[in-house]
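Notes for the structure review
Each chain, written out:
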Amino acid sequence: RLPGGNVSQRFRFFSMEAIRSIRGNASIALAATATVLIAIATLGLFLAVFFWSQNQINNQKDKLDLRAYLKSDLTSQQVQQAIATVKAAPHVKDVTYKTAEQVLAEQKKINGAAIDLVGRNPYPPTLIIATEDPKYNQGIIDGLKSEKFLQKDKITPDGFTTDQDTTRNFLSAARILSWGAFGLMVMLIVAAILLIGNTIRLSIFARRREVEVMRLVGATNWFIRWPFMIEGLIFGLIGAIGAVILLGATKLLIVDKVLNLSESSLKTNTDSTIGLGPLALILVVSGALLGALGSGITLRRFLKV
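The sections below set out a description of the structure shown in this document. In this text, all values refer to a predicted model and were calculated from it rather than measured experimentally.

Criteria and cut-off values
- Once a new chain begins, its residue numbering starts again from 1 and follows that chain's sequence as written.
- Per-residue local features are limited, in this predicted model, to residues with pLDDT of at least 70; the limit for side-chain atom pairs, both in listing and counting, is 80 or more; totals at the level of whole chains, interfaces and linings are taken over all residues.
- Remark: hydrogens and water are excluded; side-chain values derive from all non-hydrogen atoms of the structure.
- Numbered from the N terminus, helices here are DSSP runs of H or I no shorter than four residues, and strands are runs of E no shorter than two.
- Burial classification: accessible surface area is computed with a 1.4 Å probe over protein chains only, and a residue below 20% of its type maximum counts as buried, one above 50% as exposed, and the rest as partly exposed.
- Here, residues are in contact when the closest pair of their heavy atoms is within 4.5 Å.
- Only the protein chains shown count as cover for residues, and the accessible areas themselves come from Shrake-Rupley with a 1.4 Å probe.
- Take a side-chain nitrogen of Lys or Arg and a carboxyl oxygen of Asp or Glu: if they are within 4 Å of each other, that pair is a salt bridge.
- DSSP calls a pair of strands paired once it identifies at least 2 bridges connecting them.
- Note on geometry: axes are lines fitted to C-alpha atoms, helical ones only across the stretch in contact, with angles between N-to-C directions running from 0 to 180 degrees.
- Here a polar contact means two N or O atoms within 3.5 Å. Within protein one must be a hydrogen donor candidate and the other an acceptor candidate, and residues neighboring in sequence count only if both atoms are side-chain atoms.
- Patches in this entry comprise residues that are over 30% relatively accessible and not in a salt bridge; like charges within 9 Å are linked, as are nonpolar side chains (Val, Leu, Ile, Met, Phe, Trp, Tyr) within 5 Å.
- The span expected for a helix works out to 1.5 Å for each residue beyond the first.
- The arc in question is formed by the directions pointing from the helix axis toward the C-beta atoms.

So, the overall build of the protein
The helix and strand inventory of the protein stands at nine helices and four strands. In sequence order, the protein lays out its α and β elements as α-α-β-α-β-α-β-α-β-α-α-α-α. For the protein, with 305 residues in total, the buried portion stands at 39%. Counting only contacts in the protein whose residues sit at least 6 apart along the sequence, the fraction spanning at least 24 positions is 82%. Total accessible area on the protein stands at roughly 17900 Å², and carbon and sulfur atoms take up 62% of it.

Notes on the environment of Val 95
Mapped onto the elements, Val 95 comes out in strand 2 (residues 92–98). Excluding its chain neighbours within four sequence positions, the residues that come into contact with Val 95 are Ile 83, Val 86, Lys 87, Leu 127 and Ile 128.

A look at the pattern of salt bridges
Enumeration according to the criterion identifies one salt bridge in this entry. Between Asp 142 and Lys 145 there is a salt bridge; the shortest N-O distance is 3.9 Å. Residue Lys 145 is classed as partly exposed on the basis of its relative accessible area, which comes to 39%.

Section: the environment of Gly 275
With respect to the helices, strands and loops of the structure, Gly 275 is situated in the loop between helix 8 (221–261) and helix 9 (276–299). Put simply, Gly 275 and Ala 48 are 227 residues apart on the chain and 8.4 Å apart in space, counted from C-alpha to C-alpha.

Regarding the sheet that holds strand 3 (residues 126–131)
Sheet strands pair via backbone hydrogen bonds, and the direction of the pair is either parallel or antiparallel. Strand order in the open sheet made by the four strands is 2-3-1-4, with antiparallel pairing throughout. This sheet does not close on itself; its edge strands, each paired only once, are strand 2 and strand 4 (160–161). Bridge analysis of strand 1 (residues 66–69) against strand 3 gives four bridges, and the strand direction is antiparallel. Pairing of Leu 66 across the sheet is with Ile 129, part of strand 3. Against the sheet, helix 3 (residues 76–87) contacts strand 2 and strand 3, and its axis sits at roughly 160° relative to strand 2.

Let's talk about the side chain of Thr 131
Along the polypeptide, Thr 131 turns up in strand 3. On the accessibility criterion, Thr 131 (10% relative accessible area) is buried. Side chain to side chain, Thr 131 and Asn 137 meet in a polar contact 3.2 Å long. With near-sequence residues (within four places) excluded, Thr 131 lies in contact with His 91, Val 92, Lys 93, Asn 137 and Ile 140.

Quick word on a nonpolar patch on the surface
Side chains of Trp 179, Phe 182, Val 186, Val 190 and Leu 194 sit close together on the surface and give an oily, nonpolar patch of about 520 Å² of accessible area. Along the chain, the position of Phe 182 falls in helix 6 (residues 164–206). Under the relative-accessibility criterion, Phe 182 is labelled partly exposed at 44%.

Considering the side chain of Thr 126
When you line up the elements, Thr 126 lands in strand 3. Taking relative accessible area as the criterion, Thr 126 reaches 0% and is therefore assigned buried. In terms of polar contacts, Thr 126 uses its side chain to reach the backbone carbonyl oxygen of Pro 124, at 3.0 Å. Ignoring sequence-local partners within four residues, the contact set of Thr 126 consists of Arg 67, Ala 68, Tyr 69, Thr 96, Tyr 97, Lys 98 and Val 103.

Observations regarding the pairing of strand 1
Side chains Leu 66 and Ala 68 project from strand 1 onto one buried face, and the interleaved Arg 67 and Tyr 69 project onto a second face that is buried too. Across two bridges, strand 1 lies against strand 4 in antiparallel orientation. Bridged to Ala 68 within strand 4 is Phe 160.

Concerning helix 3
Between its first and last C-alpha atoms helix 3 spans 17 Å; for twelve residues at 1.5 Å apiece the expected length is 16 Å, and the two agree. Those residues of helix 3 that fall on the buried side of the exposure criterion are Val 79, Ala 82, Ile 83 and Val 86. The buried residues of helix 3 occupy an angular sector of 100° when the element is viewed end-on, so they sit on one face. Packing partners of the buried residues in helix 3 comprise strand 2, strand 3 and helix 5 (137–144).

A look at the pairing of strand 3
For a regular strand, side chains alternate in direction, first toward one face of the sheet and then toward the other. Within strand 3, five of the six residues are buried, which leaves it mostly tucked inside the rest of the structure. Across six bridges, strand 2 lies against strand 3 in antiparallel orientation. If you follow Tyr 97 over to strand 3, its bridge partner there is Leu 127.

Some details on unusual backbone geometry
Its identity as a non-glycine residue notwithstanding, His 91 has a phi of 70°, on the positive side. Tracing the backbone shows His 91 in the loop between helix 3 and strand 2.

Next up, the structure:
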């Protein structure tokens, strides 16, 4: 039977057993905590890089805009109707109108004096369409290409421009990166559980006779398992807190200083990754769960008498 009559008494008993085991196996406890620290620090570093890369992908997606060219003789009212029509199309987030003069000035910034050689403004008024995702560009074009306000054949046959090859290649690369990152994250979590479990195995192996005796006298599997799982949870919490301190110190003392001294574009994107607070919470919870899971999974083989 379990000791005590209520949950708090049982938890106190199991916790005291876990603490007694940690005190009696200090070197193993240190090794398990260090293993958790390394595993969680690696996971934390990967998560920060993963969120940063995803934000960079989203930023680049925003630059893959879609442009619709309007007829030059449209009245102000017709322009407003064209904007409203495009905004009402599915998967359109926003529409920006630019006059022919504004488009010309924009192109001069990109191409310099070469534009002046044309001798006249070759650009019609333009709608810059921000979509929910570049993958919807072709669908938007198909839905709007019959509209009469579009300037066709002057620049493009259907009145739209979008670099389909660039968009297609970018989305393909982004998809591969996302799935690859997800797979790597799963592998890191599995590796962390195995590393923690193998280290905690030493503690369980040192007490295997005690486990065997408890099984022989009728103790249930969960009665035996709880102290070890709490022990693993403690290792996970301490190791995760250590990993958070290590990552925080690295960010403040190294990464931030390097970025402050650098003129790289990375300097302007330091907020595009996950914040230290949410990351710390994720890592501490993950450390506790991984420690408990690693201990619980490893103990299964010792529960077979």
